[in-house]
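Listed here are the chains, written in short residue letters.
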Amino acid sequence: MAAPELGEIQETLLIPLYGRARDAAESGGGVLKDTKAVELVDSIDYDFTKFRGPSLGGSVLRASIFDGYIREFLQRHPEGTVVDLGCGLSTRFDRLDNGRLRWFDLDVDDTMTLRRRFFDDSDRYTMIAASLFDPSWHEQVTERGGPLMLVSEAVLLYFSESEVFDVLRSWARRFPDSPLALDTGGRLMMRSQDRNPVFKAVSARMKWECDDPTTLEHCGLHLQQSRIFAQPQPAVAATWPAKHRYVMRLIGWTPMVTGYKINLFALTS
Ligand SMILES: C[S@@+](CC[C@H](N)C(=O)[O-])C[C@H]1O[C@@H](n2cnc3c(N)ncnc32)[C@H](O)[C@@H]1O
């Protein structure tokens, strides 16, 4: 298959994709058991082997913690709507589909062109080609009515603080009372990107520094849970092979790791 034509930030979706493929190849099928990621990596003409280092495994653990937040939402609202903003080549819908939910995966045009080579819409699953900054998708995702959850994993980190604050305020106004799962990275993480092996392989760099997710309250976000890799939900930790739990006990409380947080907010009007 032809090499993917992706913009700078868009190319970074290939990092977690490769992380999930390597995880699936582990004995026992790893954390996410994402065999579709293996298929995608085999199909896409790209030198994935240039991606190395702890961020590959980190992207898998991150995805499992996000999954945990969405599972909690779906337990309360099995017919709820989930919107994954900046989905990349995520296979989360397949992992979490309960047969009743409504799901939207949104990403920008070039990523969606790539995604559509491998995924199809269905009656409860719709892909939207749009920027998360463009309010054009707001109306569409509320078509079913009822509870709605927004998720944005490893996306807003690439934008400036003012862009992030503006878009968070717009979501709080448009989707009051909805949960929002979102990751934040602190100053140390942002300042050490050039030493991170996966960032040596791509040109994109993260911009938004946020050491304390409670500071997002002024955007209309109320923090409900904030987890570092050393503090996954107990039900999620139970799915991690012992190796990951052991590594997190060793390094999970170092400043480099604790600066990255996976947060669950409630949007407030
Ligand atoms: C590091 S990847 C994360 C992908 C996916 N969330 C995951 O964890 O596997 C960053 C993603 O942000 C997407 N992206 C970049 N700019 C965007 C925008 N303005 N609106 C929505 N998505 C965007 C990219 O296309 C890419 O899929």
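Residues numbered from 1 in each chain as written. Predicted model: local features only at pLDDT ≥ 70, side-chain atom pairs only at ≥ 80, totals over all residues. Heavy atoms only, no water.

- The protein chain goes by Class I SAM-dependent methyltransferase in an unreviewed UniProt entry, where it is assigned to Gordonia desulfuricans.

### With respect to the pattern of salt bridges
So, point 1. Enumeration according to the criterion identifies 20 salt bridges in this entry.
So, point 2. Here Glu143 and Arg102 are joined by a salt bridge, their closest N and O atoms 2.9 Å apart. Pair noted here: Glu143 is in the loop between α7 (138–141) and β4 (148–152) and Arg102 is in strand β2 (residues 102–107), with a separation of 41 residues, a long-range link.
So, point 3. Residue class for Arg102 comes out buried when judged on its relative accessible area of 7%.
So, point 4. Counted as one network, the salt bridges with shared partners bring together Arg20, Asp34, Arg62, Asp67, Asp84, Arg92, Arg95 and Glu153. (Salt bridge = Lys/Arg side-chain N within 4 Å of Asp/Glu carboxyl O. Helix = DSSP H or I, 4+ residues; strand = E, 2+ residues; numbered from the N terminus. Buried < 20%, exposed > 50% of the residue type's maximum accessible area, 1.4 Å probe, protein only.)

### Some points on the side chain of Thr12
So, point 1. Counting through the fold element by element, Thr12 comes out in the loop between α1 (8–11) and α2 (14–24).
So, point 2. Note on Thr12: relative accessible area 8%, which makes it buried.
So, point 3. Engagement of the side chain of Thr12 in a polar contact is seen with the backbone oxygen of Ile9, the distance being 2.5 Å.
So, point 4. Discounting chain neighbours no more than four positions away, the residues touching Thr12 are Tyr158, Val202 and Ala204. (Polar contact = N/O pair within 3.5 Å; in protein donor to acceptor, adjacent residues only side chain to side chain. Contact = heavy atoms within 4.5 Å.)

### Some thoughts on the sheet that holds β2
So, point 1. Spatial ordering of the open sheet is given by β3-β2-β1-β4-β5-β7-β6, a layout of seven strands whose pairing is mixed. Of all the strands in the sheet, the pair left with one neighbour each is β3 (125–129) and β6 (221–227). Adjacent strand axes in the sheet meet at a mean angle of 20°, parallel and antiparallel pairs treated alike.
So, point 2. Relative to strand β7 (residues 260–267), β6 is paired through six bridges, and the arrangement is antiparallel. Residue pairing in the sheet places Ser226 in a bridge with Asn263 of β7.
So, point 3. Contacts from helix α4 (residues 54–76) reach β1 (81–85), β2, β4, β5 (179–185), β6 and β7 within the one sheet, and its direction differs from that of β7 by about 20°.
So, point 4. This element, helix α8 (residues 161–174), spans β1, β4, β5, β6 and β7 of the sheet and lies at about 165° to β5. (Pairing = 2+ DSSP bridges. Axes fitted to C-alpha atoms, helices over the stretch in contact; angles between N-to-C directions.)

### Considerations on the nonpolar core
So, point 1. In terms of nonpolar packing, the biggest core is built from 91 residues, with Phe51, Trp137, Leu150, Leu168 and Trp171 touching the most fellow members.
So, point 2. Looking at this core element by element, the count peaks at ten residues for α4.
So, point 3. Contact partners of Trp171, with chain neighbours within four places excluded, come to Leu85, Leu132, Trp137, His138, Leu150, Leu156, Pro176, Leu180 and Leu267. (Core = buried A, V, L, I, M, F, W, Y, C linked by side-chain atoms within 4.5 Å.)

### Overview of the packing of α2 against α4
So, point 1. Remark: α2 packs on α4, axes separated minimally by 8 Å, with the N-to-C direction vectors making an angle of 85°. Taken together, α2 and α4 sit at an angle that is classed as roughly perpendicular. Residue-level inspection shows Ile15, Pro16, Tyr18, Gly19, Arg20, Arg22 and Asp23 of α2 in contact with α4, the latter providing Leu56, Ser59, Val60 and Arg62.
So, point 2. For the contact of α2 with α4, the class distribution of residues is five nonpolar, two polar and four charged. (Parallel < 35°, antiparallel > 145°, perpendicular 65-115°, else oblique. Nonpolar A, V, L, I, M, F, W, Y, C, P; charged D, E, K, R; others polar.)

### Regarding the packing of aromatic side chains
So, point 1. For the coordinates displayed, the defined rule picks out nine aromatic pairs.
So, point 2. Aromatic pair Phe133 and Phe159: ring centres 4.7 Å apart, planes at 70°, arrangement edge-to-face. With a gap of 26 residues between them, Phe133 in the loop between β3 and α7 and Phe159 in the loop between β4 and α8 connect regions that are remote in the sequence.
So, point 3. A relative accessible area of 29% means that Phe133 is categorised as partly exposed.
So, point 4. What makes Phe159 buried here is its relative accessible area of 18%. (Phe/Tyr/Trp six-rings, centres within 6.5 Å; stacked < 30°, edge-to-face > 60°.)

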